[in-house]
Structures are given as C-alpha cells and as structure tokens.
Amino acid sequence: MWSDMIGNTIGLIALALGWRRSILTWPAQLLSGLILVGAYASAHLAGGVGKQLLVIGVATWGWWQWNRGRRQAQDGSIAVRFATWKERGVLAGGALLGTLAVGGLFTLYPSLSWSPWADAYIFVGTLVAMVAQARGLVEFWFAWLLVDLVGVPLAFSSGLAFSGLVYVVYFALVLWGMRDWWLRTRTPALEGAPA
C-alpha cells in the first residue's frame, strides 16, 4: 500500500529527527499519523487507526512541550534526562491499565480489531512512548523497543509488509537513539559557560 509506505517513511524521518532532538520531529509525526490513518483503516485495524489519531494528538502536545523546553539545552534542542522512579511507575502503570482497558474494549467489540490484545498493547505503548518523548525522557526509547516487539509480527500478519520492515529499521534506529540520549544524560550541563 502506498499510504503505508509513505506514512512509514515519514515516520522514519520523524524518528531520526527525534534522535537528534530536533523540533521538526513533531510535524513529521503529525504528517505520518495523518497518512497512516488511511493505511490502518484499509487493513481494518482499529487499534492502528486509534494509535495514529493518538499520534496526531500527542505530536501536537509534544511540539508545544518541546517549543517550551528547548531553551534548556545548550544547542537549542530539547534537554534529555532519565525519568524519576515515580515517573517510571506512572508510565508503567498507565501502560498496564491502558492496555487492559483498550484490550477489553476491543474484545467486547470484535469488529474493532481482529487482534485485540496486540492491537491494544501497541496503541497504549505508543501513547506511553510519545508522552515520555515529549517530556525528554530517555525511557521513551525503551517503550518504543517494547512496542516494536509486538508491532513487527502484527504488521506482517496484517498484510502491512512495509510497516513490518519499517519496524525492523525502527528497532535499529531506536537502539542508536537510545545510546545517544543515554550518553547525553551523562554529559554535565555547562551552566553559564561562555559560548
């Protein structure tokens, strides 16, 4: 499907921009989400459609967050950090409760998804990852890895081969981006240092 290929290619660009902490990651995610709504709708994956609608909403919020926070980094990009234990607990608890709620909904209404629990897991995992990204948390990369573990087989089994291949590329980019953000948290900020 052309929409699957184009939307996911833009999604790869968005991920690369996120890795570089560029504010342009958010408009790229918005555009990717808009295109992928059509791809998932044609594959009858309501969770995928919902995920992309969520991507659009969270990308708008993330764009706003990064616009506010990018002054905190020396190079004008977003400052990154590890989440506190409390933030990790909120993210993990939200992922668990959200997956149970969405999976239950998809199970009650089977017409929404032929794979309710995997679809729910991806839907909620995407929300968790994007919220963590918007807050500049290194853990967003870990959330994407967990989403990819289910997203790759689901995409291939749904006939969205390009999405499956893109998820494999995402996996490599996520590992690379995670390493970069992780190292940035270990570099002390040079408060008040001359340019």
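Residues numbered from 1 in each chain as written. Predicted model: local features only at pLDDT ≥ 70, side-chain atom pairs only at ≥ 80, totals over all residues. Heavy atoms only, no water.

What to know about the overall build of the chain
Here is the rule we go by: Helix and strand definitions follow DSSP, with helices as H or I runs of at least four residues and strands as E runs of at least two, each counted in order from the N terminus. Note on classification: 1.4 Å probe, protein chains only; a residue is buried when its accessible area is under 20% of the maximum for its type, exposed when over 50%, partly exposed between these limits. Every residue pair with non-hydrogen atoms within 4.5 Å of one another is taken to be in contact. The Shrake-Rupley method, run with a 1.4 Å probe, gives the accessible areas here. Residue values count only the displayed protein chains as cover.
A count of helices and strands for the chain gives seven helices and zero strands. Counting from the amino terminus, helix and strand elements in the chain follow one another as α-α-α-α-α-α-α. The buried share of the chain, reckoned over its 195 residues, is 49%. Expressed as a percentage of contacts within the chain between residues at least 6 apart in sequence, the contacts between residues at least 24 apart total 70%. If you sum the accessible surface of the chain, you get close to 10000 Å²; carbon and sulfur atoms cover 72% of it.

Side note on the packing of helix α1 (residues 2-19) against helix α2 (residues 25-42)
The cut-off we apply is this: Convention adopted: a line fitted to C-alpha atoms gives each axis, helices being fitted over their contacting stretch, and angles between N-to-C directions are expressed from 0 to 180 degrees. Here roughly perpendicular refers to angles of 65 to 115 degrees, roughly parallel to angles under 35, roughly antiparallel to angles over 145, and oblique to all remaining angles. Here a crossing is called left-handed whenever its near helix is offset anticlockwise from the far helix by less than a right angle, and right-handed whenever the offset is clockwise. Any residue outside Ala, Val, Leu, Ile, Met, Phe, Trp, Tyr, Cys, Pro, Asp, Glu, Lys and Arg is labelled polar, Gly included; the first ten of those are nonpolar and the last four are charged.
Remark: α1 packs on α2, axes separated minimally by 8 Å, with the N-to-C direction vectors making an angle of 160°. Overall, the two elements α1 and α2 adopt an arrangement that is roughly antiparallel. Remark: the crossing between α1 and α2 carries left-handed chirality. Between α1 and α2, the residues in contact are S3, D4, I6, G7, N8, I10, G11, A14, L17 and G18 and T25, A28, Q29, L31, S32, I35, L36, G38 and A39, respectively. Its residues assigned to classes, the contact of α1 with α2 comprises nine nonpolar, nine polar and one charged.

Looking at the confidence of the model for the chain
Filter applied, for reference: Residue-level confidence of the predictor is summarised by pLDDT, bounded by 0 at the bottom and 100 at the top.
With 90% of its residues at a pLDDT of 70 or more, the chain has an overall mean of 83. Note that residues 189-195 has pLDDT below 50 and, in this model, two contacts with residues that lie over four places away or in other chains.

Brief notes about the packing of α1 against helix α7 (residues 161-186)
For the pair α1 and α7, interaxial distance at closest approach is 10 Å and the crossing angle is 0°. The orientation of α1 with respect to α7, classified from their angle, is roughly parallel. Here D4, M5, N8, T9, G11, L12, L15, G18 and W19 of α1 lie close against α7, whose contacting residues are A161, F162, S163, V166, V169, Y170, L173, V174, W176, G177, D180 and W181. In terms of residue class, the contact of α1 with α7 is made up of 13 nonpolar, six polar and two charged.

What to know about the packing of aromatic side chains
As a reminder of what qualifies: Paired rings are identified among Phe, Tyr and Trp, the last through its six-membered ring, by centres lying within 6.5 Å, and are further divided according to the angle between planes into stacked (under 30 degrees), edge-to-face (over 60) and tilted (the rest).
Throughout the structure, instances matching the rule amount to seven aromatic pairs. Judged by centre distance (6.5 Å) and plane angle (35°), the rings of W66 and W181 are tilted. You can see W66 sitting in helix α3 (residues 46-69) and its partner W181 sitting in helix α7, a full 115 residues away along the chain. By relative accessible area, W66 is classed as buried at 1%. Ring centres 5.2 Å apart and planes at 85° place the aromatic pair F82 and W182 in the edge-to-face group.

A word on helix α5 (residues 116-134)
Counted only if it meets this: Helix span, expected: 1.5 Å multiplied by one less than the number of residues in the helix.
Helix length check: α5 (19 residues) gives 27 Å between terminal C-alpha atoms against 27 Å at 1.5 Å per residue, within 8%. Directly after α5, the chain includes G136, whose backbone phi takes a positive value near 75°.

Structural notes on the pattern of salt bridges
Cut-off, in case you're wondering: Within this document, salt bridges are pairs made up of a side-chain nitrogen of Lys or Arg and a carboxyl oxygen of Asp or Glu, the two lying within 4 Å of each other.
According to the stated counting rule, one finds four salt bridges in the structure shown. In this structure, R135 and E87 form a salt bridge, with 3.1 Å as the shortest nitrogen-oxygen distance. Pair noted here: R135 is in the loop between α5 and α6 (139-157) and E87 is in helix α4 (residues 85-108), with a separation of 48 residues, a long-range link. In this structure, the salt-bridge partner of R184 is D180, at a minimum N-O distance of 3.4 Å. Placement of both R184 and D180 in helix α7 is noted, with a separation of four residues, approximately one turn of the helix. According to the relative accessible area criterion, R184 is partly exposed, its value standing at 37%. Through salt bridges that share partners, R81, E87 and R135 make up one connected network.

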